[in-house]
Amino acid sequence: MTTPELLVLEGDAFARGRAQASLCPGVEVAVRDAIRLRLGAAAANMPRAEKFLAAQQDATERLAPEALAEIAGIAEGFGLTPDEIFTFLHLGCIADLAALPEDTDGCSAFARAGVVAKNRDFRPEHQALQRAFAHRDPAWGGRSVLCLGSLGAPGAWSSGINSDGLALADTQISTALHGPGLLRYFLMTQLLASCATVSEALALIRAVPHAGGGSLVLADATGACAAVELRHGRVDIEPGTCVARTNHYTAAPDHLAPVAHSAGRLATLTAALAGPATDPAGILALHGPTALCRHPPDPSPTLAGAVYDGPHRRARIAFGPPCSTPWQDYAVGPQGWRATHAQG
């Protein structure tokens with residue numbers, strides 16, 4: 001499998017969003033198809049979500065206007081409307097509001113001793129759209145951000161690390177508690193753009209309302225770690241030196257059922273992390289007792305693995321199943337993030 005080139009996105013939010021398409025000519029149709037396929041499948045749920053989406057638009061304009069600017073740039077580049085992308089990013093919330101949570105999207109993530117690692121389990125049509133993005137914005141005061149995500153989505157749509165060594169990754173969790181607030185994907189980019197430590201990130205998380213849904217694991221260059229579970233009106237924080245999350249809430253159950261194999265994957269992660277110190281990439285490659293590295297016919301196979309080392313400001317990404325895909329190394333320097341050498 002060929003490792004995609006690192007996409008360097010520089011400028012304000014709109015410019016960085018617009019640069020996705022200009023740096024990847026020929027993928028416009030694939031991006032439009034991936035987004036519109038999901039929108040079409042969710043069409044029946046849209047009428048009951050109109051009020052929620054309108055409230056989310058207002059909340060995002062207040063809490064994260066830069067996210068809307070980045071979406072506008074992405075939309076212009078790929079021949080979509082900003083509303084299409086904004087709605088696409090909220091489809092998990094919309095399914096939850098219809099009490100029809102999507103029982104396929106999964107992910108496994110952990111943070112230990114300043115390192116964050118994640119398997120991105122998502123829909124197969126996004127395999128060809130996986131990219132590593134290096135963001136630099138003049139408004140960030142010299143800070144730069146490396147993210148793993150998909151073409152057609154803004155910022156840290158999965159995981160990332162900044163030049164201070166703050167790293168984070170999310171997992172999808174369905175919840176019945178949604179309301180106007182900061183969508184998790186917009187929150188992640190905001191944390192990486194404005195925070196240097198887990199402590200600063202947790203303060204920001206506590207200070208804003210959340211749309212609800214999902215979890216984050218975080219770590220920083222000092223070795224501090226934390227896990228955060230997000231619901232509208234409820235945020236649960238677990239500090240520690242080692243935390244892990246899959247696709248269910250651990251602080252308190254939710255009215256909506258989680259992904260069926262979520263508890264088994266968390267047990268696999270917990271056992272692996274309790275054993276002898278192991279390379280995080282090796283943990284992501286585990287196939288049992290419940291597989292963390294998932295393959296077809298699973299409807300959400302592992303599209304990529306990522307390991308972010310906060311203390312050393314380095315990262316490794318496998319653009320495919322971590323059990324069999326070469327890892328690409330990244331490091332940060334005076335000019336921001338760069339690819340170094342690929343591991344076999």
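Heads up: the structure comes first, above all this text.
Overview of the structure. (Residues numbered from 1 in each chain as written. Predicted model: local features only at pLDDT ≥ 70, side-chain atom pairs only at ≥ 80, totals over all residues. Heavy atoms only, no water.)

**Concerning the overall build of the chain**
- When you go through the chain residue by residue, the secondary structure sums to ten helices and 15 strands.
- Relative to the compact-globule value of 20 Å for 344 residues, the chain shows a C-alpha radius of gyration of 18 Å, a close match.
- With respect to the principal axes defined by its C-alpha atoms, the chain has extents near 50 × 45 × 40 Å.
- Buried residues in the chain amount to 60% of all 344 residues.
- Within the chain, residue pairs in contact and separated by at least 24 positions form 64% of the contacts whose partners lie at least 6 positions apart.
- Accessible surface, the chain: about 12500 Å² in total, of which carbon and sulfur atoms supply 58%. (Helix = DSSP H or I, 4+ residues; strand = E, 2+ residues; numbered from the N terminus. Rg over C-alpha atoms; globule rule 2.2 N^0.38 Å. Buried < 20%, exposed > 50% of the residue type's maximum accessible area, 1.4 Å probe, protein only. Contact = heavy atoms within 4.5 Å. Areas by Shrake-Rupley, 256 points an atom, 1.4 Å probe, with all protein chains shown as cover.)

**Some remarks on the nonpolar core**
- Residues Leu89, Leu151, Phe186, Leu191 and Leu216 are the most contacted members of the largest nonpolar core, which totals 67 residues.
- With residues up to four places along the chain from it excluded, the contact list for leucine 191 reads Asn162, Leu166, Leu168, Ala201, Leu204, Ile205, Leu216 and Leu218. (Core = buried A, V, L, I, M, F, W, Y, C linked by side-chain atoms within 4.5 Å.)

**Some thoughts on the pattern of salt bridges**
- Overall, the coordinates contain 15 salt bridges when judged by the stated rule.
- We note a salt bridge from arginine 245 to glutamate 238, for which the minimum N-O separation is 2.7 Å.
- Each of Arg231, Arg234, Asp236 and Asp254 takes part in salt bridges that share partners, so that together they form one network. (Salt bridge = Lys/Arg side-chain N within 4 Å of Asp/Glu carboxyl O.)

**Thoughts on the sheet that holds strand S9 (residues 225-231)**
- Ordered in space as S1-S4-S5-S6-S7-S8-S9-S10, the eight strands form an open sheet in which the pairing is mixed. Two strands bound the open sheet, and with one partner strand each, they are strand S1 (7-10) and strand S10 (234-240). Looking at each pair of strands side by side, their axes are set apart by 20 degrees on average, direction ignored.
- Two elements, strand S6 (residues 159-162) and strand S7 (residues 167-171), share three bridges in a ladder whose sense is antiparallel. The residue of S7 that forms the bridge with serine 159 is alanine 169.
- Set on the sheet, helix H1 (residues 13-23) makes contact with S1, strand S4 (130-136) and strand S5 (144-150); between it and S1 the angle comes to about 145 degrees. (Pairing = 2+ DSSP bridges. Axes fitted to C-alpha atoms, helices over the stretch in contact; angles between N-to-C directions.)

**Quick look at empty space enclosed by the protein**
- Following the criterion strictly, the structure yields one cavity of 30 Å³ or more and no others.
- Lining of the largest cavity is provided by Leu89, Gly92, Cys93, Asp96, Gln172, His178, Leu183, Arg184, Tyr185, Gly212 and Gly213.
- Among the secondary structure elements, those contributing two or more residues to the lining of the largest cavity are helix H6 (91-97) and helix H7 (184-194).
- Per element, the largest residue contribution to the lining of the largest cavity is three residues, and it comes from H6.
- Each residue belonging to the lining of the largest cavity can be placed in one class, and the counts come to four nonpolar, five polar and two charged. (1 Å grid on protein atoms, 1.4 Å probe; cavity = no way out; pocket = protein on both sides within 12 Å on 5 of 7 lines; lining within 4 Å. Points joined across faces, edges and corners; volume = space filled by probe spheres on them. Nonpolar A, V, L, I, M, F, W, Y, C, P; charged D, E, K, R; others polar.)

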